[in-house]
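Notes for the structure review
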Amino acid sequence: MSTKSPRESMVEMNELVLPNDTNLLGNLLGGTLLHWIDIAGAMAAQKHANSVVATVCFDSVDFRKPVHVGEIVTLKARVTWVGHTSMEVVVDVYATDYLKGITRAINRSYVTYVAVDQNGRPKEIPGLILETEEEKREFAEAEKRRAERLKRRQRCDAAEKSNPINSENPAE
């Protein structure tokens, strides 16, 4: 299997915040931003995997500052970690008030995707070439997030199995 560097699959996407994208205060809806993050992240993941991908997990989403109607949102996505079939993508989000010429960081999200074949089954993906110290650091941090994700999934699986509602023969 081939390998790729994070820069080979980087994606930058821009969106204009319109009134339909905002709440009653004129601020961008969180759900709309999550949608855009998922699209930008999936494009970077698909470029890396040369495959269709499915979203597995939003690990972290930090809403730092509101985004207002009329501002331009820029999403920058890049792969930070890869396994055999899954990968983590970081999406950094910026808002620009082009009338004032001010750009500010408003969000950072970590999203995990799995590459799938035409039957929807996980498929092997290229490895990741780590070229810089920052990429090596991000990869190591992503490994820690993955370990935490797996622990969380085990706890959720155990809780689900012990829930009587999920039993084969629930008490009536």
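Rules used in this analysis
- The written sequence of each chain sets the order in which its residues are numbered from 1.
- Owing to the predicted nature of the model, reporting of local features is limited to residues with pLDDT of at least 70; listing and counting of side-chain atom pairs is limited to 80 or more, with chain, interface and lining totals taken over all residues.
- Calculation of side-chain values draws on the structure's entire complement of heavy atoms; hydrogens and water are dropped beforehand.
- By definition, any uninterrupted DSSP run of H or I lasting at least four residues is a helix, any uninterrupted run of E lasting at least two residues is a strand, and each is numbered from the N terminus.
- Type-normalised accessible area, obtained with a 1.4 Å probe on protein chains alone, sets the label of each residue: buried when under 20%, exposed when over 50%, and partly exposed for intermediate values.
- Should any heavy atoms of two residues lie within 4.5 Å, those residues are considered in contact.
- Computed with a 1.4 Å probe, the accessible areas rest on the Shrake-Rupley method; for each residue, only the protein chains presented here act as cover.
- For a helix, the expected span equals 1.5 Å multiplied by the residue count minus one.
- Think of it this way: DSSP has to see at least two bridges between two strands before they count as a pair.
- pLDDT measures how confident the predictor is about each residue, on a scale from 0 to 100.
- Put simply, two rings from Phe, Tyr or Trp (the six-membered ring, in Trp's case) pair if the centres are within 6.5 Å, and we call them stacked under 30 degrees between planes, edge-to-face over 60, tilted for the rest.
- Definition used: whenever NZ (Lys) or CZ (Arg) falls within 6 Å of the ring centre and also within 35 degrees of the ring normal, the charge is taken to sit over that ring.

Right, let's talk about the overall build of the protein chain for a bit. Within the protein chain, the regular secondary structure consists of two helices and seven strands. Along the protein chain, helices (α) and strands (β) appear in the sequence β-β-α-β-β-β-β-β-α when read from the amino end. Its C-alpha atoms put the protein chain at 60 × 50 × 30 Å along the principal axes. Evaluated residue by residue, the protein chain yields a buried proportion of 39% over its 172 residues. In the protein chain, the share of contacts with a sequence separation of at least 24, taken over all contacts with a separation of at least 6, comes to 71%. Put simply, the protein chain shows about 10,300 Å² of open surface, and 52% of that area lies on carbon and sulfur atoms.

So, about helix α2 (residues 133-162). Over its 30 residues, α2 extends 44 Å from the first C-alpha to the last, a length consistent with the 44 Å expected when each residue adds 1.5 Å. Listing the buried residues of α2 in full gives E135, E138, A142, R145 and R149. Along its buried surface, α2 packs onto β3 (52-63), β4 (72-82), β5 (86-97) and β6 (102-116).

For the rest of this paragraph, the subject is the pairing of β5. With eleven of twelve residues buried, β5 is to be regarded as a mostly interior element. Pairing geometry for β4 and β5, over ten bridges, is antiparallel. Bridging across to β5, I72 finds its partner in T96. Adjacent in sequence and paired antiparallel, β4 and β5 are bridged by three residues.

With 95% of its residues at a pLDDT of 70 or more, the protein chain has an overall mean of 91. Taken element by element, the predicted model of the protein chain shows its lowest mean pLDDT in α2 (83) and its highest in strand β2 (residues 11-16) (98).

Within this structure, the stated rule accounts for zero aromatic pairs. Note that K76 overlies the ring of Y94, its terminal NZ or CZ placed 5.3 Å from the centroid. Here the guanidinium or amino end of R145 rests over the ring plane of Y110, the centre of that ring lying 3.7 Å away.

A rise of 1.5 Å per residue sets the reference length of helix α1 (residues 30-49), with its 20 residues, at 28 Å; its end C-alpha atoms lie 28 Å apart and thus fit the reference within 8%. Within the span of α1, buried status applies to T32, L33, W36, I37, A40, G41, A42, A44, A45, H48 and A49. Immediately downstream of α1, the backbone of N50 shows phi near 50°, a positive value.

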